[in-house]
Every structure is written in C-alpha cells, then in structure tokens.
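Single-letter residue listing:
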Amino acid sequence: MEMLVSTEWLAGELDASDLYVVDATYFLPDHGRDAKAEYGFEHIPGAVFMDLDDVRDTGSDLPMMLPPAERFASRMQSLGIGDGSRIVFYDNSPLHSAARAWFMTKEVFGAHNVAVLDGGLAKWKSEGRPVEQGKQQVRHRHFTVFHDDGAVRTLPQMKDISASGDTEIVDARDADRFEAKVDDPRPNVTAGHIPGSKNLPYEKLFNADGTWKQGDELRVAFTDAGVDLDKPLVTSCNSGMTAAVLYFGARLLGKDDVALYDGSWSEWGAHSDTEKATGAA
C-alpha cells in the first residue's frame, strides 16, 4: 500500500476485511472544536476514532510526546486494529493531524501497511461519497509493537545537530512564531527558533483543496524555504504534531534520512541552557 492513497482508491477498498479506516482528527483548544463529537456526527463508513490527545505520553509535561509502546498497543487494540491490518488515517483538521498518527504507527511502532488519505474527510465529502454517524462496535485484536526510535531525535541530540550544521532542521511553525515576532503562549517557553533551522510553515505542503503537493511542487516547497534536500533532515514545530506533516512530506519525496524532534520548540524553548535565535534564518 502506498503511503498516500486517494479517495477513489479508498472507496474501492472500503469493504476489504483487512482494511481499517481511522479518523485521526485533532484540534487545538483555540480551534473551539471537538474532534470526537465531530467524528460521531459524520465519518467515513466503518471508520474508528483515534484520540491523539490520549495516544501520547500523559506523564510528560511536554505536549504530544510519543506514548510508551504499551500504551500505543493498548489504544490500537481498543480500536480493533491488530497485526496484519492495513490502516488508512484521515483527518478533518487544519493541522493535517493524520500525518502524526501515520508517523507514530508506521515509523515508530512498526506497523507495515499504513497510509494517509489524500485530502481527508473534506475531499471525501466534496465528491459526494457517503458518511455515517455513531460509534463503531469493534472487537479487540492483538497489536504487536516493534518500537524503533530511529526516526526520533531528543534534546541532547538536537543540541549536537544544531551545533554541527550537517543536518537541516526544518521548523513547521508560522513565520511570526519562528521569527519571535510574537511571544510564545506558554509562560515557560521563550520565543524564537533553534539556531540554524529553516522555516517551512506546514500549510505550504498542500494544494488549495487540502490535497498534498507532490513531485516537483512538493520539492520546491522545501527548496524555496532554503532547505538542502541532499542533507539529512530533522523536522520540528511546537509539539511534534505539525513536524509530522513536514516529515511525511519529506518521505513523499523519497527521503530516508529524515527524523522528527518530538520535544520540538516546547522543549527547546523551555531550557535556559539552549541557544535561541530570532529573525528570519
């Protein structure tokens, strides 16, 4: 299964017994929306709901940190997803949060056949395809976790990466946050960005209809931000959510030497011993 699948493809596979469709919509508090309630009101037929606010390390004071492997496996099992399943994530969020679900499931916890639905629920509905209401009844299945942190970077690693200049650090936040033109909303986090990082707001990876840019258009989004795609790449954002969008985009371009800084600016900006940069890179 390709890592990005079309609505047409999904419509043709929807009744397959090994296919699991997962709504991974996530909203920030200031969006004023309830992802779980919206799922209950309308979702792709047969889809289950992954609560990304629950599929995280709830013991960390950092937002959206990766959950322990046991927690992730438990949540997948509760969705009825087991070994050998083909999984398609979609969302209806301005954050394109399906990319975060894909990153966790495929790149960190070892599932093989995992994809993102191009255009998400909005494109599905715009084509007049069916939706349904309510909650799915599922049977728990065994989900084996193969935990691999190879695609994840920690604060000590990021300090070395920032100092070396050998790896591109790409920040998915908006320019005002990146350039410290606005204060960080969290009281213990200073404004700015990781020294040496480049700014590529995640929205620039999408077409007007919410589908992913691909090929040369996607490549230009990175290069226009000053990113050298011949170098290894680490993505970052506020919390690891939209960093997964840049990660997914880089993987669409065929990059294997890409990683994600899970602590992102929430962690870096909270440490007084880390250097901060302001202004355009």
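Everything in this summary refers to the structure shown in the same document. (Residues numbered from 1 in each chain as written. Predicted model: local features only at pLDDT ≥ 70, side-chain atom pairs only at ≥ 80, totals over all residues. Heavy atoms only, no water.)

### With respect to the overall build of the chain
A tally of regular secondary structure across the chain gives 10 helices and 10 strands. At 18 Å, the chain has a C-alpha radius of gyration in line with the 19 Å of a compact globule built from 281 residues. When burial is assessed residue by residue, the chain has 51% of its 281 residues classed as buried. For the chain, restricting intrachain contacts to residue pairs at least 6 apart in sequence, the fraction spanning at least 24 positions comes to 78%. Only carbon and sulfur atoms are counted for the fraction: they give 46% of the accessible area of the chain, which is about 12400 Å². Across the chain, the 28 positively charged side chains and the 46 negatively charged ones have centroids separated by 2 Å. (Helix = DSSP H or I, 4+ residues; strand = E, 2+ residues; numbered from the N terminus. Rg over C-alpha atoms; globule rule 2.2 N^0.38 Å. Buried < 20%, exposed > 50% of the residue type's maximum accessible area, 1.4 Å probe, protein only. Contact = heavy atoms within 4.5 Å. Areas by Shrake-Rupley, 256 points an atom, 1.4 Å probe, with all protein chains shown as cover. Lys, Arg positive; Asp, Glu negative; His and termini not counted. Charge placed at Lys NZ, Arg CZ, Asp CG, Glu CD.)

### Remarks on helix α6 (residues 155-164)
Considered for burial, the residues of α6 that qualify are Leu-155, Met-158, Ile-161 and Ser-162. With its buried residues spanning 115 degrees around the axis, α6 presents them on a single face. Exposed side chains of α6 directed beyond 90 degrees from the buried face belong to Pro-156, Asp-160 and Ala-163. Where α6 is buried, its residues contact β6 (152-153), β7 (168-171), β9 (233-236), β10 (258-261) and α10 (264-268). Positioned one or two residues after α6, Gly-165 has a phi angle of 75 degrees, which is positive. (Arc of directions from axis to C-beta.)

### Brief notes about the side chain of Ser-197
Looking at where Ser-197 falls in the secondary structure, it is placed in the loop between α7 (175-178) and β8 (198-199). In this structure Ser-197 touches Ile-169, Phe-178 and Ala-281, once residues within four positions along its chain are discounted.

### Considering the sheet that holds β9
Pairing between the strands of a sheet is mediated by backbone hydrogen bonds and can be parallel or antiparallel. Here 5 strands make up an open sheet; going across it, the order is β6-β10-β9-β7-β8 and the pairing parallel. Single-partner strands in this sheet number two, and they are β6 and β8. (Pairing = 2+ DSSP bridges.)

### Here we look at the environment of Val-22
Looking at the secondary structure, you find Val-22 in strand β2 (residues 19-23). The sequence separation of Val-22 and Gly-150 amounts to 128 residues, and the corresponding C-alpha distance is 25 Å. Among all residues touching Val-22, those that are not within four sequence positions of it are Val-48, Met-50, Ile-81, Ile-87, Val-88, Phe-89 and Tyr-90.

### A few points about the packing of aromatic side chains
A full pass over the atoms with the stated rule returns 8 aromatic pairs. Consider the rings of Tyr-39 and Phe-49, whose centres lie 5.5 Å apart with planes at 35 degrees: the pair is tilted. With a gap of 10 residues between them, Tyr-39 in helix α2 (residues 35-41) and Phe-49 in strand β3 (residues 48-49) connect regions that are remote in the sequence. Of the two residues, Tyr-39 and Phe-49, both sit in the buried class. Arranged with centres 4.4 Å apart and planes meeting at 20 degrees, the rings of Phe-72 and Phe-109 form a pair that is stacked. Residue Phe-72 is located in helix α3 (residues 69-78), and its partner Phe-109 is located in the loop between α4 (98-108) and β5 (114-117); the two are separated by 37 residues in the primary sequence. Taken individually, Phe-72 and Phe-109 each receive the classification buried, so the pair is uniform in this respect. Taken together, Trp-102, Phe-103, Phe-206, Trp-212, Tyr-247 and Phe-248 form an aromatic cluster joined through their ring pairs. (Phe/Tyr/Trp six-rings, centres within 6.5 Å; stacked < 30°, edge-to-face > 60°.)

### Quick look at α3
Within α3 the residues assigned to the buried category are Ala-69, Phe-72, Ala-73 and Met-76. Projection of α3 onto a plane perpendicular to its axis shows the buried side chains occupying an angular sector of 100 degrees, all on one side. On its buried side, α3 packs onto β4 (86-90) and α4. Just downstream of α3 lies Gly-80, where phi reads positive at about 80 degrees.

### As for the pattern of salt bridges
Taken as a whole, this structure holds 20 salt bridges when the rule is applied. The closest approach of N and O atoms between Glu-13 and Arg-86, which form a salt bridge, is 2.9 Å. Placement of Glu-13 in helix α1 (residues 7-13) and of Arg-86 in strand β4 is noted, with a sequence separation of 73 residues between them. Residue Glu-13 is classed as partly exposed on the basis of its relative accessible area, which comes to 25%. You can call Arg-86 buried: its relative accessible area is 15%. For Glu-42, the salt bridge goes to Lys-125, with nearest N and O atoms at 2.6 Å. One end of the pair, Glu-42, is in the loop between α2 and β3; the other, Lys-125, is in helix α5 (residues 120-126), and 83 residues separate them in sequence. For Glu-42, a relative accessible area of 16% corresponds to the buried category. Residue classification places Lys-125 among the partly exposed residues on the basis of a relative accessible area of 37%. Connected via shared salt-bridge partners are Lys-106, Glu-107, Arg-251 and Asp-256. (Salt bridge = Lys/Arg side-chain N within 4 Å of Asp/Glu carboxyl O.)

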